[in-house]
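Observations on the model geometry
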Amino acid sequence: MKLKVASKILGANDRLAEENRRIFTENNVYVINLMSSPGAGKTSLLESTIKALNGNLRIGVIEGDITGTDDAARIDRLGVPVVQINTGGACHLDANMIYETLGDLDLKGLDLLFIENVGNLVCPAEFKVGEDLKVMILSLTEGHDKPLKYPLMFQESAALLINKTDLKPYLDVDVEKIRKDALSLNPATKIFEVSCKTGQGIDDWTGWLRTLIS
Amino acid sequence: MHEVSIAEGLLATAVNECKKSGYGRIEKVSIKIGKASGVMPEALLFAFDAMKSDTIAGAAVLDIEEVPLAGTCLTCKKDFETEESYLLCCPHCDSSSFKIISGRELDITELEVF
């Protein structure tokens, strides 16, 4: 017989993401899902952000990588709580992976939790993990054609950080085009130009973060 | 790229719906995939066939209906539909202010069960 159903294929992930969200809200933790391609500077941005905000906000990090613990070790050196997830090949984090780590974090002791997704400009944008906001980084070395080539992540992200601005003099990259295309994909997106190397723009970014959490 | 995860979610949802209704075998799974969902039908079919074998959907056929990207422009107020996967501006007036109505679907619509 034919059985009519109206189910979201990712319904199970969405429901678990809602459950994560409920747990985060209950514990008063603001959660940011940080996405970018590999090497754009997610961990460097977290290091800069933690240094800038430490003392003002209690920050924790969940690191997502296919394999290895290098990123978690970098965060651990800054003295903030960090949990490493190894996806074992999966190209993104999903709600269940986050749910499984929640017991390893003292959520009551945190104001802000960063979930550093697997480096990938495509898949992480498709899976909710229970975050309040999605934020993405595009580094200048990736080129100005990326918003139009990988539109979904730009559409899904509440903020876009354009990183490695210190390299601008050496690159044929059109930052205005990145801004224009990103805004046409998502008129509400907030854009920050930063350099994790020199610290340029980090204050604007962390200032904005503080307005979200206060 | 993540069609395996999608197939996993699809199988879990279909098996759950089938059992919930008191049936034990799935012959066909009908789904709607939006053109702007980022999912490639061929890759999803491959992943579905690879993963279904040890489930009650072991012999099931996956029927995919693709849904075009459609929306309404907030500037010129006209409706539009396109075969593109992504849209940057209204095809009528070039405004970038528009609302997507369909094209992001990832839905199961019907199961044939026994």
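Heads up: the structure comes first, above all this text.
Residues numbered from 1 in each chain as written. Chains lettered and ligands numbered in written order. Predicted model: local features only at pLDDT ≥ 70, side-chain atom pairs only at ≥ 80, totals over all residues.

**With respect to the overall build of chain B**
Within chain B, the regular secondary structure consists of 2 helices and 6 strands. Secondary structure elements of chain B occur, N-terminal to C-terminal, as α-β-α-β-β-β-β-β. Relative to the compact-globule value of 13 Å for 114 residues, chain B shows a C-alpha radius of gyration of 17 Å, a clear excess of over 25%. For chain B, the spread of C-alpha atoms along the three principal axes comes to 50 × 30 × 15 Å. (Helix = DSSP H or I, 4+ residues; strand = E, 2+ residues; numbered from the N terminus. Rg over C-alpha atoms; globule rule 2.2 N^0.38 Å.)

**Examining the overall build of chain A**
Across its full length, chain A holds 8 helices and 8 strands. Taken against the 2.2 N^0.38 rule, which gives 17 Å for 214 residues, the C-alpha radius of gyration of chain A at 17 Å falls within 12% of a compact globule. Taken along the three principal axes of its C-alpha coordinates, chain A extends 65 × 45 × 35 Å. Considering only contacts in chain A between residues 6 or more positions apart, those separated by 24 or more positions represent 75%. (Contact = placed C-beta atoms within 7 Å.)

**Side note on the interface of chain A and chain B**
Contact with chain A, which involves 25 residues of that partner, is made by 25 residues of chain B. Taken together, the elements giving at least two residues each to the side of chain A that touches chain B come down to strand E1 (2–8), helix H1 (11–26), helix H6 (151–156) and helix H7 (175–185) of chain A. Ranked by the residues each element gives to the side of chain A that touches chain B, the list is headed by E1(A), at 7 residues. The residue makeup of the side of chain A that touches chain B, split by class, is 15 nonpolar, 5 polar and 5 charged. Note: E1(A) against strand E6 (residues 106–113) of chain B, 5 bridges, orientation antiparallel. Counterpart to Ser7(A) in the pairing with E6(B) is Ile108(B). (Nonpolar A, V, L, I, M, F, W, Y, C, P; charged D, E, K, R; others polar. Pairing = 2+ DSSP bridges.)

**So, helix H2 (residues 41–51) of chain B**
All names here are of chain B. Listing the buried residues of H2 in full gives Leu44, Ala47 and Phe48. Buried residues along H2 cover an arc of 100° about the axis, so they all sit on one side. Looking at H2, the residues exposed on the side facing more than 90 degrees away from the buried face are Glu42 and Ala50. At its buried positions, H2 is contacted by helix H1 (3–20) and strand E2 (61–67). (Buried ≥ 20, exposed ≤ 12 C-beta atoms within 10 Å, placed from the backbone. Arc of directions from axis to C-beta.)

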